[in-house]
Structures are given as structure tokens and as C-alpha cells.
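The primary structure of each chain is shown beneath.
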Amino acid sequence: MKFKAVKGTRDFYPDRMAMRNYLAETWRAVSLRNGFVEFDGPVLEYLDLFSVKSGDEIASQLFSFTDRGGRALAMRPEITPTLARMVNAQINSLPRPIKWFSLPRLFRAENPQKGRLREFFQWNIDIIGSDSVLADAECIFTAIDCLREMGLSADDVGVRIGSRPLTVAALRLAGVDDSAMEPALAALDKRPKVSPDAFAEMAVAAGIPADSLDKLCAFQDAEGLSDVAASLGEGDANSAGEIAKLESLMGYLDNMGVGDYCKLDLRIVRGLAYYTGIVYEIFDAAGSLRAVAGGGRYDNLLKLFGGPEVGATGFGMGDAVLEILLAEKEKLPDLSAGLDCFVIDGESNLLEKVLEVVGRLRQGGIAADFSAKRQAVGKQLKEANRRNARYAIILRADTVGIKNLATGEQTDMSIDEFLEKPLAYIKISDNPFL
RNA sequence: GUGGGUGUAGCUCAGUUGGUUAGAGCACCUGGUUGUGGUCCAGGGGGUCACGGGUUCGAAUCCCGUCAUCCACCCCA
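Rules and cut-offs
- Residues numbered from 1 in each chain as written.
- Chains lettered and ligands numbered in written order.
- Predicted model: local features only at pLDDT ≥ 70, side-chain atom pairs only at ≥ 80, totals over all residues.
- Heavy atoms only, no water.
- Core = buried A, V, L, I, M, F, W, Y, C linked by side-chain atoms within 4.5 Å.
- Buried < 20%, exposed > 50% of the residue type's maximum accessible area, 1.4 Å probe, protein only.
- Helix = DSSP H or I, 4+ residues; strand = E, 2+ residues; numbered from the N terminus.
- Contact = heavy atoms within 4.5 Å.
- Pairing = 2+ DSSP bridges.
- Polar contact = N/O pair within 3.5 Å; in protein donor to acceptor, adjacent residues only side chain to side chain.
- Axes fitted to C-alpha atoms, helices over the stretch in contact; angles between N-to-C directions.
- Near = heavy atom within 4 Å.
- Nonpolar A, V, L, I, M, F, W, Y, C, P; charged D, E, K, R; others polar.

Asks: Could you clarify how one ought to interpret the nonpolar core in this entry?
Replies: It is characteristic of soluble globular proteins that their nonpolar side chains tend to be buried jointly. Core analysis: the biggest nonpolar cluster contains 73 residues, and W123, I161 and M317 have the highest contact counts within it. The dominant element in this core, judged by the number of residues it contributes, is helix α5 (residues 133–149), at 10 residues. Those residues in contact with M317 that lie beyond four places of it in its chain are W27, F121, Q122, W123, A143, L147, V292, A293 and L322. In terms of nonpolar packing, the next biggest core, distinct from the first, is built from 25 residues, A84, I98, V279 and V310 among them.

Asks: How should unusual backbone geometry be read in this particular structure?
Replies: Leaving glycine out, the prevailing phi sign among residues is negative, and the prevailing peptide bond configuration is trans. In the segment running from R96 into P97, the intervening peptide bond is cis, with an omega of 0 degrees. Mapped onto the secondary structure, P97 falls in the loop between α4 (80–90) and β5 (98–102). Positive phi, normally seen in glycine, also occurs at E330, with a value near 55 degrees. Counting through the fold element by element, E330 comes out in the loop between α13 (319–328) and β13 (341–345). Residue classification places E330 among the exposed positions, given a relative accessible area of 72%. Although it is not a glycine, N349 adopts a positive phi angle of roughly 65 degrees. Along the chain, the position of N349 falls in the loop between β13 and α14 (351–363). Note on N349: relative accessible area 77%, which makes it exposed.

Asks: Sorry if this is basic, but what is going on with the pairing of strand β4 (residues 72–75) here?
Replies: Put simply, side chains in a regular strand alternate between the two faces of the sheet. Relative to β4, strand β2 (residues 44–46) runs antiparallel, the two being bridged by 3 bridges. When the sheet's bridge partners are listed, E45 is paired in β4 with A74. Counted along the chain from strand β3 (residues 64–66) to the antiparallel partner β4, the turn is 5 residues long, and its residue G70 has a positive phi close to 80 degrees.

Asks: Would you take a moment to explain helix α6 (residues 164–173) for this structure?
Replies: Counting buried positions along α6 gives 8 out of 10 residues, so the element sits mostly inside the fold. When α6 is considered as a whole, its buried residues turn out to be R164, P165, L166, T167, V168, A169, A170 and L171. Contacts from the buried residues of α6 go to β8 (157–163), α7 (181–190), α9 (213–220), α10 (225–231), α11 (237–255) and β10 (278–284). The backbone nitrogen of L166 has a side-chain oxygen 3.2 Å away, supplied by the residue at the start of α6, namely S163. Just past α6, the residue G175 takes up positive phi, approximately 95 degrees.

Asks: Explain the sheet that holds β2 to me, please; I cannot follow it from the model alone.
Replies: Hydrogen bonds along the backbone pair up the strands of a sheet, which may run parallel or antiparallel. Reading across the sheet, the 3 strands line up as β2-β4-β3 and stay open at both edges, with antiparallel pairing between neighbours. Each end of this open sheet is capped by a strand with a single partner; those strands are β2 and β3. For this sheet the average axis-to-axis angle between neighbouring strands, irrespective of direction, equals 35 degrees.

Asks: What should I look at first to understand the protein's contact with RNA strand B in this one?
Replies: The environment of RNA strand B is made up of 34 residues, and the closest members are R116, K193, N385, R396 and L405. In RNA strand B, atoms within 4 Å of the protein come 42% from sugar and phosphate. Here a phosphate oxygen of RNA strand B sits 3.2 Å away from a polar atom, N or O, in the main chain of G271. A distance of 2.4 Å separates a base nitrogen of RNA strand B from a polar atom in the backbone of L405. Looking at which element gives the most residues to the surface near RNA strand B, the answer is helix α15 (residues 377–386), with 6 residues. The residue makeup of the surface near RNA strand B, split by class, is 7 nonpolar, 11 polar and 16 charged.

What follows is the structure in C-alpha cells.
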């Protein structure tokens, strides 16, 4: 073969396309029933848009180019900058809180590996214009609502919830200066992935005093909020407020009936610097995969993009890991598309009749097709079977046999009688992805 | 960007210490029961063995390079 798909991209043959549509349609349906409205922006943005909040490291993982007008452009690696740009442009006319979702196609020029591709789809949920922890609760609920809709229980996936402000408070208490906060947070973020010794080495290199590591670990490993409060000591009023937020968050999630999916876990820090409050990641129970989703509060972001200071919170869920997880848990639905009716000419010279019946059925919203070849009934039934049809409509000069291919039952009547109201005799597919 | 594994038919894979015309199953196509399916039977198409170079009388097989893919690191928006 001379031409191949580009590294890190996927060809969506019909089976796979059906799966992609299933994810997209479920994401969309869940978003809408949670009160979010859909938006989208261009795949291409000015390169500058992505350097505002991210450094050069990120820029090196972008697909970027200069167009014929000399503009430095990039294919979007995430939708949040576009969201910020769009919201900022109309912030004064948008009723708050803004509850928007998007299903963007994204591109990142990194090396592909399990659950990571160069081109992928992501579900983004954001609430802008609310400082309340209720907004965080709504986002988390929406994520769980989706996973539950797809058949994943609290035994399959869990939301681990941490807090940036509390983690910062713990680091301050450990003697880390505010100017050294970012590398210290980065070190804590890596802790779950490395050995205790390696973590200690990394932490000290990041400027965390060695003699405070035990206390920091105890803080991160706290099982409950009272433990957290204890490890922060008397602390400041701010920390007490953050602990209260986590408490009401957990309460709200309980109220909405998804408390069993959620767990306090202060080891969740998130890599990015812009998070300002509650942060969370969703993992498979075994913890063998990458995060299915991740998000949190980012109150400074709109201002960073030239807008006002407004509260914002949200998450992103990629398609790659989700699909792997659903496959592992055997929760992928059977999406084999089938026809409602396969129309067969049961005698010779009936093509005109076949076309008439097919036309009428299709017009009535019934998925109908017929054989490209005029051949024996047996062959055509075989084809109907291969096409996964629910009914074979076998035509003769004046009568029609309606055969249920699953049960083998067949009823005969006049063609006119059938076409009068075909739905009285057949049950059409309720598969919306047909 | 770095490191390791793997590249044989559309898919999953065989292919014996290098030896003549490269195989199977599934899928696909055609035909068989003068016509009501999923089975069965017979036949068929399809591979420059990822690509390029080297060693050899001879390479799918050994060596080098390139590319792709998978896994991991970096990073993770």
C-alpha cells in the first residue's frame, strides 16, 4: 500500500464510526439533560492563543504552520482557550452561569501510546460565571451521569477529588516558599507514579524540606476531611474555608446520588499551573489506565485571556481511554447496523414493484434496501441475512410475504394492504445510530 | 525528543539449522439444491514476505538503515 493514515490518526471504518457516534451522541445527550448547551469553534487558531497559558514545552507539541498570509496558526490541542476567547468576546451579554459543552476534534503532535493519539475527540464541560462549589458538583455529576449511562458502575470507575489551595497550604506549612510553589506541586503530582525513594529525591530537588516529607505524605493520604484539618493544624481561615467547600461538595454529590463514585484524594494535584481550587481525575478502578477525565476550577483563566475575573470550572474527557475502558468492562454496545426491511422480488420481472415498495418504505422512515442483482429468492434471503435485516419483504405479482428473519414467521397479504400502513406489520429499529 | 518489542493476504497468524512455484482459518467473490435465509459442498481472486541496501550460489529467514506500529519515558492542556 502506497498511502497510509498519518501517524497517530485513525481511519473510521463503519464499525468504528458507529462507536465514535455512540460516544458523541451519548456525550451530547447527557450534556443536554444536565442543562448544558453546545458550542464549537474553529480547528485552526492563532498560535498565540495557545502560548498565553502554556509555555514553550506545550508549543513544541502543537501542529503549527504559517499560512500564505504569514499568519502563525496551530491546530487546536484543546478547546479551553477557544472557549475563553469566545466567552470573553460576549461576556457582558451572556446570562450567567454559562453552562457550555463541546465535542471538539483535537490535535497534539506527541508520540502516540496507549490511550494517547495525535488526533482524538474530547468531551468538554464548563461552567463559567459561578464561584460556588455547586458548579463543581454539577460538572462532576455530569461526568458520572455519562459514565453510568454507558454502563460503568462505582466498582468500575471513581472520581478522585483533591484541592489545589489545600495542597498549597500544606506545602507552605512544610516550609515551601510561594516562589517555589510550582515545582513543589509538580513533584507532588508525580508522587503516585514513582517509588517512595524516588519521590523523596524529586521532592527535595523541587525545594521541599526533607524533614517535612512525612507530614506532607500524611496530608495527601488523609482518608477524611477531619484528618486533613488535623494535618494542617490550626491553619488559616482560608484553609478552613477550602475544607468546608470540599465538605459541601461531597454533600451535594451525595444529594445527587453519586456519592459512591466519589472519594477524597489529595494526591490529585493535576499537572497544569492554572488550577485554582478543587481538582479531580476519573480513573478506572484497577488504576491500570490513564485518567479517563480530569478537571477542576480555574478562576483566573478568562482574565488571563484578556477578560474579566470570573469563576470557571470544568473537565475534559477523551475518547481514547474511555473506549479502552468500555471494551475492558465489556460495556461497548452492539452497534451492528441493520436494515428494517430487505425487499425481495419473489418472481421474475418484479423490479418495478421492488422499487415502488422500497421507495414507499424509505419515504415512511423505514430503513429499506434491496439486492443489486435479480436472483433466486434463496440468494436474496441470504443477502438479507448478511445485511442484518429485521424483515424480508417478499414480493409476488399481487401479494407480499412479510418474514421476520429472527423468528422465521411470515404473514402474507396484498401489497396495497401492506403499503397502507407498513408499521402495523413491522417493528422498526430503535437504534438511533442506524 | 529518548528507549525497547513487532512488521508475511482485508483480519488473526503458521512458515522447521537460509534451499526451488509463500500457507491456514476467518472475510470476500462465483457456482451447486427450478427458487423461503443463517448450515454444507466445490471453485476463485488477493501477497515485489513494510521499504531500501548488504552478506550468500541462493534471503520471508542473517546484518545495517529508513518508515510504520505497539509499549514505556518526557509531557499530559
